[in-house]
Structures are given as C-alpha cells and as structure tokens.
Amino acid sequence: MAPMSHETAMNSGGLQAIRSASSPGSLRSARIEEQNRLHGRFASMPILEWNRAVGEMHDAVMGQACHLCEELLRQEGFGPPPSHYAFVAFGSAGRAEQTLWSDQDNGLVYGDGDDAENAAYFAAFGNKLSQILEQAGYPPCPGNVMLSNPLWRGGLSRWERQFMEWREALGWEQVRYLMIASDMRHIYGDQALSCALRKTMKRIMELDQGTERDVIAAVLRNTVRHKAALNILGQVITEAAGEHAGDFDVKYGLYIPIVNAVRYFALQYGIESSSTGERISQLYQLEAVPPRWLESCRKAFATAVKFRSIAPPKLEDGMLTGTHYLPQAMIKQKELRRELRDALGTVRLMYRTLQRQHRYAERKWL
C-alpha cells in the first residue's frame, strides 16, 4: 500500500477532528481550524479540487451535527429516533458547491412508524439540529428552507403529497420549491430514504410531459427570468447603489444563472445528479447538448466557483465569513475582468438558447 501523502494526512486529520467533536462548541472549533487550513490552500490547488475539499468539510460538520443532535435529545429524555431518517441538503450544499461559508438549506425525511410519535420527535430534532448548525457557523436560510420548518420535514408519503401539491399548482413559488428539491443530496442517516425521496421526486417531475401541465416547461419559465449581467455593449453590470455600489454580484449575476440553466437541461433529460459539474458531464455522455456549448458552460462554471471563493472574507467570532460580491477593485484587474466577461458572454448565449425554447413552448400551447 502506498504511503499517505502529507496533504491527504492533513485532510484526514482535519475531518477526523470534526467527526469526533463531542459538543456543538468543539464542532465549531474543529470547523474553524479546517476552514482556516483550506483557506490557506486556496491558491495552491485547482479550483474544483479545492471546492470538493470544502464540500467534504461541510459534509463532515453536518453529519457530526446530526450525531450530536441525537445524543442531546437522548439526554433531554426524548430517547432514540423512533424511526430511520435521512438528513438531506438543498441549495449549494445539495449541489456540493459551497464556499468556505454557507447558510442552512436542508430537509428531513423519515420512515414509517407511529405518525404522532414521529412528528413529535422529528419536530424536536429539526429545531435542535438547526440550533446546533447555527452554533457551528451556519446561519438560518433566509428563505426558511430548513428542517426546522415543517414544509421541509416529513415521512415519505407526506413528501409525496407535498410534491404533488406543488406540481398541481405550478405557480412561480411552487415551481421554485420543486427546483430547490431537485438539488437534494443525502448527507446523513438512512440513504435508502433519500433514494426513495429522489425517485418520488423524479416520477412527479416527469408527469404530463409534452402537455401544457409539463413541469419541466414550468421550470424553463422560471429559469429564463435570470439574465447575464452584461449590458448591450458587453460591459459588466455592477451594483448601482448601496454598500456594494460598483461591486459585482457573483452569486446572482453569474453562478445562479449557470446552475439554473444546467439544472433545466438535467431535468429535461432525466439526469438525477444534483451537482452542476456532474450534470454537465452526464449531458456530455448523453450527447444531449452540443459539446462546444457544454465546454463553454463548464469553463464558465469553474470561473463562477472561483469568483465566489475569492471574494474577500471577514472574521466573525473567529470564523471566516463573506459576501457574494466581487469588489470593484478586483473587477478592474485585467485578467479577472477578462475571465468574468468571457463567463458572462457564455451565460448570455446559454440564455438565448433557453429563451428560444421558452418562446417555442409558449406558442405551442396558445
């Protein structure tokens, strides 16, 4: 067996400290230590490899938070979980694309058993786990997509009813919820439950394809609302006012438009992966989209991931945190500005393609 490299040993050691944390406080400390180590490695690693290491850190923290939650509930007299459960992530965590800092986007699915007993225990579990994650440095989701919210917690049959309610309504908000749910990824617990939930999701998303009740067409309608942050002269559109005046919003100006476009094509072709990179790779394999288009998309996505991570962090209570804005001083750097304009040009071409598809779908059902 080949000896373990120094870097691999450091990675393993940092994750082991996280996985052996015995309290929310020690979990936070272990996360800070690993976060600082990864921050120091940013310039010396390929961006997507570095981002995978960041994702491993977050997965380890979230998994240990679930373990601690069970232990704390036992100490409080709730006993062990009354049924199997799976903790799942949505958003950038679901896509394994977090920066060093991240908020909560998660949910919970649990198995069969006494409905009242399950509901009571997992309501307490959801509230306690959200508190532990917040202590570990993950602020609450601004949109309340968290397992502490009953909308994102339940047994398989309740999740199925919820999905069906959303797809029957097909309003902007309900379609947004389905888009969020399509990015789910298993983090901790019974993986069979996560798989069952994803299969249920896939089946419901495929209902009525080719009709005016087509969910994928509704996803396209939501998706084309985002546009590339380039004006007609090819200039980067920055924030016009406020504390970030002159800065560029990497998350909503570049990253989210790419994520949404790739998600749409993944749903259209039945791809189950939640990661944007994996979705692009599978679209390649299916030869569903022109290879040159996908190669440009892959390059633009790598740029988006990099730019999300180079936004200058700040220190809050010992933990690195940051915004999704690229300061105007950085945008003025010639090489960064060229990369940004190239990536935004790709996004603009992607959305022209999507808008043509949307116009065709709209005419089809007139």
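Parameters at a glance
- Residues numbered from 1 in each chain as written.
- Predicted model: local features only at pLDDT ≥ 70, side-chain atom pairs only at ≥ 80, totals over all residues.
- Heavy atoms only, no water.
- Helix = DSSP H or I, 4+ residues; strand = E, 2+ residues; numbered from the N terminus.
- Rg over C-alpha atoms; globule rule 2.2 N^0.38 Å.
- Buried < 20%, exposed > 50% of the residue type's maximum accessible area, 1.4 Å probe, protein only.
- Contact = heavy atoms within 4.5 Å.
- Expected span 1.5 Å × (residues − 1).
- Patch = residues over 30% accessible without salt bridge, like charges linked within 9 Å, V, L, I, M, F, W, Y side chains within 5 Å.
- Areas by Shrake-Rupley, 256 points an atom, 1.4 Å probe, with all protein chains shown as cover.
- Salt bridge = Lys/Arg side-chain N within 4 Å of Asp/Glu carboxyl O.
- Lys, Arg positive; Asp, Glu negative; His and termini not counted.
- Charge placed at Lys NZ, Arg CZ, Asp CG, Glu CD.
- Pairing = 2+ DSSP bridges.
- Axes fitted to C-alpha atoms, helices over the stretch in contact; angles between N-to-C directions.
- Arc of directions from axis to C-beta.
- Parallel < 35°, antiparallel > 145°, perpendicular 65-115°, else oblique.
- Left-handed = near helix turned anticlockwise from the far one by under 90°.
- Nonpolar A, V, L, I, M, F, W, Y, C, P; charged D, E, K, R; others polar.

Naming follows an unreviewed UniProt entry, where the protein appears as Signal transduction protein of Paenibacillus macerans.

**A look at the overall build of the protein**
The number of helices and strands found in the protein is 14 helices and eight strands. For 366 residues, the compact-globule estimate of 2.2 N^0.38 gives 21 Å, and the C-alpha radius of gyration of the protein, at 21 Å, lies within 12% of that figure. Referenced to the eigenvectors of the C-alpha coordinate spread, the extents of the protein come out at roughly 65 × 50 × 50 Å. Across the 366 residues that make up the protein, the buried fraction comes to 51%. A fraction of 73% describes how many contacts in the protein between residues 6 or more apart in sequence connect residues 24 or more apart.

**Notes on helix α12 (residues 291-310)**
One turn of an α-helix holds 3.6 residues; hence residues three or four places apart share an orientation. End to end, α12 covers 29 Å across 20 residues, agreeing with the expected 28 Å (1.5 Å per residue, within 8%). Every buried residue of α12 is listed here: Trp293, Leu294, Cys297, Ala300, Phe301, Thr303, Ala304, Val305, Phe307, Arg308, Ser309 and Ile310.

**Notes on a negative patch on the surface**
On the surface, Asp112, Asp114, Asp115 and Glu117 cluster together to form a negatively charged patch. Locating Glu117 in the fold gives a position in helix α5 (residues 115-135).

**Section: the sheet that holds strand β1 (residues 85-89)**
Spatial strand order, β3-β2-β1-β4: four strands in an open sheet with mixed pairing. With one partner strand each, in any of the chains shown, β3 (153-155) and β4 (185-189) form the two edges of the open sheet. Each strand of the sheet is rotated relative to its neighbour by a mean of 25°, with strand direction disregarded. Across the face of the sheet, helix α3 (residues 47-75) comes into contact with β1 and β4 while running at roughly 40° to β4.

**Thoughts on helix α8 (residues 191-205)**
For α8, which comprises 15 residues, the first-to-last C-alpha distance of 21 Å matches the rise-based estimate of 21 Å (1.5 Å per residue) to within 8%. Of all the positions in α8, only Leu193, Ser194, Leu197, Arg198, Thr200, Met201, Ile204 and Met205 are classed as buried. The arc that holds the buried residues of α8, viewed along the axis, is 160°, so those residues lie on one side. The exposed set on the far side of α8, more than 90 degrees from its buried face, consists of Ala192 and Lys199.

**Focus on the packing of α3 against α5**
Remark: α3 packs on α5, axes separated minimally by 9 Å, with the N-to-C direction vectors making an angle of 125°. For the element pair α3 / α5, the angle class is oblique. Read as a crossing pair, α3 and α5 show a hand that is right-handed. Side by side, α3 and α5 meet where Met62, Ala65, Cys66, Leu68, Cys69, Glu70, Leu72 and Leu73 of the first sit next to Tyr121, Ala124, Phe125, Lys128, Leu129, Ile132 and Leu133 of the second. Split by residue class, the contact of α3 with α5 holds 13 nonpolar, no polar and two charged.

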